[in-house]
Amino acid sequence: MNDSNAAEPVATNPYTFCEHDMEYARIAPIMGRLWSPIAAVTSNWQGKSNAQIAVAIAAASIVPDMPRVLLQIYKNNYSHDLIYNSGSFALNFIRRDQLQLIKDFGLVSGRDTDKLSDVGHVFRETGSPILDDCWGFLDCRVVNAMDGGDMTCFLADVLEGETLTQAEPLYWRDARREIPAEWNEEWDRKITGEIEVSKQRMPNIDLKPWLPTGQES
Ligand SMILES: Cc1cc2nc3c(=O)[nH]c(=O)nc-3n(C[C@H](O)[C@H](O)[C@H](O)COP(=O)(O)O)c2cc1C
């Protein structure tokens, strides 16, 4: 994008959320099943590595030799800017015996601590950390991104990956029953606050096209 484009006003979206009186409970069994297995989403930008938990992940290609995924990351997260600016991330799906990672990666922010200092990892194709120990990983490069107001939805090519075990991956609905009560309470407190932030931000969708840092001029 050249400088004259950068100076153009950002398109505003005439979006308003459609009013309805539907009870969420009526669709909760459907919505709950749309979350993916739990992944540690790792990222690296300008020498800073981080990991967060995500379940808003979907397959996004029907072509076996051109695999793609969709990943939604909330703007409040430290990981968001690392992914947005580097244009890459890795999905490290966790095993059933790796519950501790939900707390270490999903209940605290990389702004406050170096989450990967004690977790073995290597850097491969995209430069995002790949955990030594997980259910399986996908190393991904972002090809486009869509603003959702409170979060960004990243479409990414899968450049490399491996399934490391034949066992079943871990889903949040099962993990919730296995983690200590304090973690569940901590999660409920965190998500309650984040829902309020999302409510404010969701209508403000920015239609500006995505370009990774370094490709903007
Ligand atoms: C089970 C679970 C699922 C989560 N799913 C997502 C998700 O899909 N997208 C997202 O942005 N955050 C998700 N989170 C929240 C982040 O993992 C959490 O806010 C984290 O502390 C962000 O870390 P960071 O600030 O270091 O990036 C999830 C958390 C948990 C515990």
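Everything that follows concerns the structure shown earlier in this document.
What you see as residue numbers is a count from 1 along each chain, following the sequence as written. Residues qualify for local features only when their pLDDT is at least 70, as the model is predicted, and side-chain atom pairs are given and counted only at 80 or more; totals for whole chains, interfaces and linings, by contrast, use all residues.

Chemist: Kindly report on the sheet that holds strand 1 (residues 39-45), identifying the contributing residues and their values.
Modeler: With respect to topology, 7 strands assemble into an open sheet ordered 2-1-5-8-9-4-3, the strand pairing being antiparallel. Only two strands of the sheet have a single neighbouring strand rather than two, namely strand 2 (48-54) and strand 3 (57-59). Each adjacent strand pair in this sheet contributes to an overall mean axis angle of 30°, direction not counted. Relative to strand 8 (residues 136-147), strand 5 (residues 88-93) runs antiparallel, the two being bridged by 6 bridges. Note on strand 8: the bridge partner recorded for Asn92 is Phe137. Against the sheet, helix 3 (residues 78-86) makes contact with strand 1, strand 2, strand 4 (68-74), strand 5, strand 8 and strand 9 (151-163), and its axis sits at roughly 60° relative to strand 1, the strand it touches most. Note: two strands are recorded as paired if DSSP finds a minimum of 2 bridges between them. Secondary structure elements are taken from DSSP: a helix is a run of H or I of four residues or more, a strand is a run of E of two residues or more, and numbering for both begins at the N terminus. Orientation is described by axes fitted as lines to C-alpha atoms, over the contacting stretch for helices, and by angles from 0 to 180 degrees between their N-to-C directions. In this description, any two residues whose backbone-derived C-beta atoms lie within 7 Å of each other are considered to be in contact.

Chemist: Quick rundown of the nonpolar core? Include the residues and the values.
Modeler: One recurring pattern in soluble globular proteins: nonpolar side chains tend to sit buried together. One finds Ala39, Ala40, Leu71, Leu91 and Ile94 to be the most contacted residues of the largest nonpolar core, which totals 39 residues. The greatest single-element share of this core, amounting to 5 residues, is contributed by strand 8. Setting aside its immediate chain neighbours within four residues, Leu91 contacts Ala39, Val41, Ile57, Val69, Phe137, Leu138 and Cys140. Each nonpolar core consists of buried Ala, Val, Leu, Ile, Met, Phe, Trp, Tyr and Cys residues. Their C-beta atoms, within 7 Å, join them into a set. The exposure label follows from counting other C-beta atoms within 10 Å of a residue's C-beta, where the C-beta atoms are placed from the backbone and the thresholds are 20 or more for buried and 12 or fewer for exposed, leaving partly exposed in between.

Chemist: Now, about the site of the ligand: what can you tell me, with residues and values included?
Modeler: Around the ligand, 21 residues are found, and the nearest of them are Ala56, Ser79, Gly106, Ser109 and Gly110. Secondary-structure elements contributing two or more residues to the shell around the ligand are strand 2, strand 4, helix 3 and helix 4 (100-106). Among the elements that take part in the shell around the ligand, strand 2 stands out by supplying 4 residues, more than any other. Asp, Glu, Lys and Arg are counted as charged, while Ala, Val, Leu, Ile, Met, Phe, Trp, Tyr, Cys and Pro are counted as nonpolar; the rest, among them Gly, fall into the polar class. Along the lines of polarity and charge, the residues of the shell around the ligand split into 12 nonpolar, 8 polar and 1 charged. By convention here, the C-beta atom is placed from the backbone, and a residue is near a molecule or strand when that atom is within 6 Å of it.

So far we have only geometry, and geometry alone does not tell us how the molecule works.
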